[in-house]
Amino acid sequence: MADLVNALLVIVLVLNLFALGTSRIIRVIRTVAVQGALLGLLPLLVHEHITLSVIMVSAAAIALKGIAIPAIMIHALRDVRIKREVEPLISLLTSIILGALASAAALLFAGRLPLASQHAGTLLVPAAIANVIVGFIFLTTRFKALSQVVGYLVVENGIFTFGMLLIEAMPLIVEMGVLLDLFVGIFVTCIIVNRINRAFSSTDTRLLVALKG
Amino acid sequence: MAGALILLPLAMAAVCAALPSRRWRVWLLPATALAHLTLTVGALSRPELGVGSEWLVLDPPGRVILLAVSVVFLISSCYAVGDLRLRPDRPNRVFCACWLGVLGVMTLVTWSHHLGLLWVAIEATTLVTAPLIYFNHTQRSIEATWKYLLVGSVGIALALLGTFFLAYASLSAGFESLTFEDLLSHAPKLSKPWLHAAFVLLLVGYGTKMGLAPMHSWKPDAYGEAPGGVGAVLAGCVTSCAFLAILRVYHICNAAGEGAYAARRLMVLGLFSMAVAGLFMIGQRDFKRMLAYSSVEHMGILVLGLGIGAPALFGTLLHVLTNGLTKGALFLSAENIQRVYDSKSTERVSGALRQLPGSGALFFAGFLAITGSPPFGPFISEFAILNGAFAAGRFAVGGLFLFFLLIVFIGMGMTVLQVVQGPGGPGGRGDPEGTEPGAAHQPARRDELLTTLPVAGFMALVLLLGLYIPAPVTALLNDAVRFLETRP
């Protein structure tokens, strides 16, 4: 089972680099959707005893991260009629390299963390840290509002991955609450993205500079 | 009791969303808030009602925050009635529903004894308040809402990571749990490296929600653009809820024997917030943004007091109450002034004392109170924190605290005096560009009863806490201090 989990996490890490390397926002959203759906499978693979609550968390994660949230974002994207992240702060190639460096650093760093013996062999911790860093790369170097929402989603995916190390601490209802918050958060944010576009005729967050001091 | 307190506002929010009459809808706000306060007083007076389930427990610090939230919310709700009446141009369905929703999720924060549930509730406060900040539907309010949502959500996401780290610290110790009781009773066994990392992440995450510098960037924008009543709820209630989360984390660290590690970081962040707030307040032309920086400063004072520890805890918890009430008075009176002058810049606003004797005077009194002048409540709480700093032997911290208070007093004073002094009459009448949709309904250019009385109510309570703290409140605060000091 551990090998399968690790294989899945390697794909997740590669998807990060793929998302960093494309300028078409719809492709970024779809990549992160696939990533979310793959991560949604994790609870089924990590837990030894498949209970009803594990299945429900997995199903909810796949439905929200893989289908509902990307659907909302793609809907918002169509409304605002933009296709590409035109001028990121750093070039796409540079961000791929940064992302790869972040993943390598996360691997090295995780090896030095005091992990419980049963978690020593999995990639869960490095994948979680790498995702959080990659999410922050999106948040800080992309200026289209929806790209920044993608960044938030990637950070959240990383945190979800770390949560797989915990079995009893997060009961079903709390896990569902977290997913619901994420969903509503993205929903509200997408509405605001739409309003930004209507008011400023653009979703470039660099235009949002009226409030200073 | 937990169920009633949490579900009542949420149910009324649903009623608000369904009710077709906009005139009757607004009256549900104070009615629900009054019912909530009544239930709160009931829950506070009978501690045996404070246990809802394993995850929902109203412990002494939770009681203090719940009281602060409920009182500030009731007065702000009364204000919202008057305020919304003067804004007939804006639909109020979403506003009213979200307004009551905030009360429900904030109550959940005060009861949460499971750190995961606590996170869910605090994130929910961000989501429910976003439409309130967006109420004016202007370009500026969109910008403010965007920053609030993005910075708030990302910050809070780090707090979730910190929560997971804390759970991992417990897993390494041989038990795995996120309930507050478990973490507290097994605290000495928690894995130290994970606990340290968790503390930093939780401090950054919930600190973002509190608006501590340097994670405060959303705050001046959100408070500046939100309607005044919303500013009062954000600065008086929501930030207090985030403070409760930091209080819980600090409590666990303290029980784990890592109090010194946590205290140093809290004090540094607290003093830094005060310094940044002071710097940005000097020469601030926008008086609502000035209030936002004042909120940054007072959040700094709260975590500073927490960092100083036992001798300052009473003052810190009292400061949650006094700061919340004074911020209420300031934001509401500032909104009254802004409404009449149609501006919140000192370039166009002066002579508020003549134009609006009620709101102008209350705004000025609120300024004196929040900067720690006697005989108001914040003087007592800030003095208690200062006393605590000296009693704990932290003379440098106490000295810096006084110095920053002085800078804030000067910076804030300059702006406030420009607003209240001078000949009456707005600098520019109405709205010259005619861009405001409400320009057709010029509100009365004087004090209105419904929007001035709540401000007076806030200031009366602030004055009361300065002159005499009622015995039940003292008992409540002492209970909370004892609770925070005990180690399992």
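All of these numbers come straight from a predicted model, not from anything done at the bench.

(A) Here's a closer look at the overall build of chain B. When helices and strands are tallied, chain B shows 19 helices and zero strands. Oriented by its inertia axes, the alpha-carbon framework of chain B measures out at about 70 × 50 × 40 Å. Across the 488 residues in chain B, those meeting the buried criterion constitute 66%. Across chain B, contacts joining residues at least 24 apart in sequence account for 82% of those joining residues at least 6 apart. If you sum the accessible surface of chain B, you get close to 15,300 Å²; carbon and sulfur atoms cover 67% of it. Of the side-chain charges in chain B, 32 are positive and 26 negative, and the distance between the mean point of each set is 3 Å.

(B) Representation of the interface of chain B and chain A in the model. Taken together, the contact between chain B and chain A spans 44 residues of the former and 47 residues of the latter. Buried surface at the junction of chain B and chain A, summed over both partners, amounts to about 4,000 Å²; 75% is from carbon and sulfur atoms. For the interface between chain B and chain A, the tally reads zero salt bridges. Across the contact surface, chain B and chain A share four residue pairs in polar contact (both at pLDDT 80 or more). Looking at the side of chain B that touches chain A, the elements with two or more residues in it are helix H5 (115-133), helix H6 (139-172), helix H8 (192-210), helix H9 (218-225) and helix H12 (287-308) of chain B. When residues of the side of chain B that touches chain A are assigned to their parent elements, the largest contribution, 21 residues, is made by H6 of chain B. Considering only residue class, the side of chain B that touches chain A consists of 28 nonpolar, eight polar and eight charged.

(C) Fine view of the pattern of salt bridges. Residues and elements named next belong to chain B. This structure, assessed with the given rule, holds 14 salt bridges over all chains. A salt bridge links arginine 46 to glutamate 48; the nearest nitrogen and oxygen atoms lie 3.2 Å apart. A residue is classified by how much of its surface remains accessible, and glutamate 48, at 53% relative accessible area, is exposed. Across the pair aspartate 221 and lysine 147 runs a salt bridge whose closest N-O atoms are separated by 3.3 Å. Of the two residues, aspartate 221 sits in helix H9 while lysine 147 sits in helix H6, which places them 74 residues apart along the sequence. One continuous salt-bridge network, built from bridges that share partners, spans Arg140, Glu225, Asp286 and Lys344.

(D) Spatial organisation of the environment of threonine 239 of chain B. Residues and elements named next belong to chain B. With respect to the secondary-structure elements, threonine 239 resides in helix H10 (residues 228-255). Judged by relative accessible area, threonine 239 falls into the buried class, the value being 1%. Separated by 212 residues in the primary sequence, threonine 239 and threonine 451 place their C-alpha atoms 24 Å from one another. Here threonine 239 is in contact with Lys209, Met210, Lys219, Tyr223, Leu234 and Met299, once residues within four sequence places are set aside. In this structure the side chain of threonine 239 is engaged in a polar contact, spanning 2.8 Å, whose partner is the backbone oxygen of alanine 235.

(E) The arrangement of the side chain of glutamate 156 of chain A in detail. Within the secondary structure layout, glutamate 156 of chain A lies in helix H6 (residues 145-163). It turns out glutamate 156 of chain A is buried and unbridged, and the closest side chain with the opposite charge, lysine 65 of chain A, is 5.2 Å from it. Beyond its immediate stretch of four places on either side in the chain, glutamate 156 of chain A contacts Lys65, Val178 and Leu182 of chain A together with Ala157 and Leu160 of chain B.

(F) Spatial organisation of the packing of helix H7 (residues 172-200) of chain A against H6 of chain B. Running from amino to carboxyl end, H7 of chain A crosses H6 of chain B at an angle of 155°, the nearest separation of the two axes being 10 Å. For the element pair H7 of chain A / H6 of chain B, the angle class is roughly antiparallel. Every pair of crossing elements has a handedness; the one defined by H7 of chain A and H6 of chain B is left-handed. Across the interface between the two elements, Val178, Val188, Thr189, Ile192, Val193, Arg195, Ile196, Ala199 and Phe200 of chain A from H7 of chain A touch Gln139, Ile142, Thr145, Trp146, Leu149 and Leu160 of chain B from H6 of chain B. Across the contact of H7 of chain A with H6 of chain B, the residue classes break down as eleven nonpolar, three polar and one charged.

(G) Layout of the packing of H6 of chain A against H7 of chain A. All names here are of chain A. Two numbers describe how H6 lies on H7: the axes approach to 10 Å, and their chain directions differ by 170°. Taken together, the axes of H6 and H7 are roughly antiparallel relative to one another. Of the residues in H7, those touching H6 at Ala145, Leu146, Val149, Tyr152, Leu153 and Glu156 are Val178, Leu182, Ile186, Thr189, Cys190 and Val193.

(H) Representation of the confidence of the model for chain B in the model. Averaged over all residues, the pLDDT of chain B is 89; the fraction at 70 or higher stands at 95%. Of the regions scoring below 50 in pLDDT, residues 428-441 of chain B engages in 15 contacts with residues more than four places distant in sequence or in other chains.

(I) Inspection of the nonpolar core at higher detail. With 251 residues, the main nonpolar core has Met73 and Phe162 of chain A together with Trp99, Tyr206 and Phe363 of chain B as its most contacted residues. If we ignore the near neighbours within four places in the chain, the residues touching tyrosine 206 of chain B are Leu115, Leu118, Trp119, Ile122, Ile156, Ala159, Thr163, Ala242, Ala245 and Ile246 of chain B. Listed in part, the 15 residues of the second largest apolar core include Met274, Ala275, Leu304 and Ala312 of chain B.

(J) Spotlight on the packing of aromatic side chains. Applying the stated criterion to the full structure yields 20 aromatic pairs over all chains. Look at phenylalanine 379 of chain B and phenylalanine 383 of chain B: their rings are 5.8 Å apart centre to centre, the planes differ by 25°, and that puts the pair in the stacked class. You can see phenylalanine 379 of chain B and its partner phenylalanine 383 of chain B sitting in helix H16 (residues 377-391), four residues apart, about one turn around the helix. A relative accessible area of 45% places phenylalanine 383 of chain B in the partly exposed class. Following the ring pairs from residue to residue traces out a cluster consisting of Phe162 of chain A together with Phe165, Tyr168 and Trp194 of chain B. If you follow arginine 90 of chain B out to its NZ or CZ, it ends over the ring of phenylalanine 135 of chain B, 5.9 Å from the centre. The aromatic ring of phenylalanine 180 of chain B is capped on one face by arginine 248 of chain B, whose charged end is 5.0 Å from the ring centroid.

(K) Inspection of the state of the cysteines at higher detail. Residues and elements named next belong to chain B. The final tally for this structure, using the stated rule, is zero disulfides over all chains. No disulfide involves cysteine 98; its sulfur sits 9.6 Å from the nearest other cysteine sulfur, which is in cysteine 96. Just so you know, cysteine 237 is unpaired, no disulfide at all, and the nearest cysteine sulfur is the one on cysteine 241, 7.1 Å from it.

(L) Local environment of a nonpolar patch on the surface. Together, Ile282, Leu406, Phe409, Ile410 and Met414 of chain B line one region of the surface with nonpolar side chains, adding up to about 450 Å² of accessible area. When you line up the elements, phenylalanine 409 of chain B lands in helix H17 (residues 395-420).

(M) Up close: unusual backbone geometry. Residue and element names in this part refer to chain B. A cis amide bond links alanine 213 with the next residue in sequence, proline 214, at an omega value of 5°. Relative to the helices and strands, proline 214 is located in the loop between H8 and H9. Note the cis peptide between proline 374 and proline 375, where omega equals 5°. Considering the arrangement of structural elements, one finds proline 375 in the loop between helix H15 (357-370) and H16. Its identity is not glycine, yet histidine 137 carries a phi of approximately 55°, on the positive side. Within the secondary structure layout, histidine 137 lies in the loop between H5 and H6. Even without glycine at this site, aspartate 342 takes up a positive phi of about 55°. Take aspartate 342: it is sitting in the loop between helix H13 (310-341) and helix H14 (352-355).

(N) Representation of H17 of chain B in the model. Residue and element names in this part refer to chain B. The end-to-end C-alpha distance of H17 is 36 Å, a good match for the 38 Å that 26 residues give at a rise of 1.5 Å each. The axis of H17 is deflected most strongly, by about 25°, at glycine 413. Following H17 by one or two positions, glycine 422 has its phi on the positive side, about 95°.

What counts, and where the lines are drawn
- Residues numbered from 1 in each chain as written.
- Chains lettered and ligands numbered in written order.
- Predicted model: local features only at pLDDT ≥ 70, side-chain atom pairs only at ≥ 80, totals over all residues.
- Heavy atoms only, no water.
- Helix = DSSP H or I, 4+ residues; strand = E, 2+ residues; numbered from the N terminus.
- Buried < 20%, exposed > 50% of the residue type's maximum accessible area, 1.4 Å probe, protein only.
- Contact = heavy atoms within 4.5 Å.
- Areas by Shrake-Rupley, 256 points an atom, 1.4 Å probe, with all protein chains shown as cover.
- Lys, Arg positive; Asp, Glu negative; His and termini not counted.
- Charge placed at Lys NZ, Arg CZ, Asp CG, Glu CD.
- Buried area = accessible area lost by both parts, 1.4 Å probe.
- Salt bridge = Lys/Arg side-chain N within 4 Å of Asp/Glu carboxyl O.
- Polar contact = N/O pair within 3.5 Å; in protein donor to acceptor, adjacent residues only side chain to side chain.
- Nonpolar A, V, L, I, M, F, W, Y, C, P; charged D, E, K, R; others polar.
- Axes fitted to C-alpha atoms, helices over the stretch in contact; angles between N-to-C directions.
- Parallel < 35°, antiparallel > 145°, perpendicular 65-115°, else oblique.
- Left-handed = near helix turned anticlockwise from the far one by under 90°.
- pLDDT = per-residue confidence, 0-100.
- Core = buried A, V, L, I, M, F, W, Y, C linked by side-chain atoms within 4.5 Å.
- Phe/Tyr/Trp six-rings, centres within 6.5 Å; stacked < 30°, edge-to-face > 60°.
- Lys NZ or Arg CZ within 6 Å of the ring centre and 35° of its normal.
- Disulfide = S-S within 2.5 Å.
- Patch = residues over 30% accessible without salt bridge, like charges linked within 9 Å, V, L, I, M, F, W, Y side chains within 5 Å.
- Expected span 1.5 Å × (residues − 1).
- Bend = angle between axes of the 7 residues up to and from the residue.

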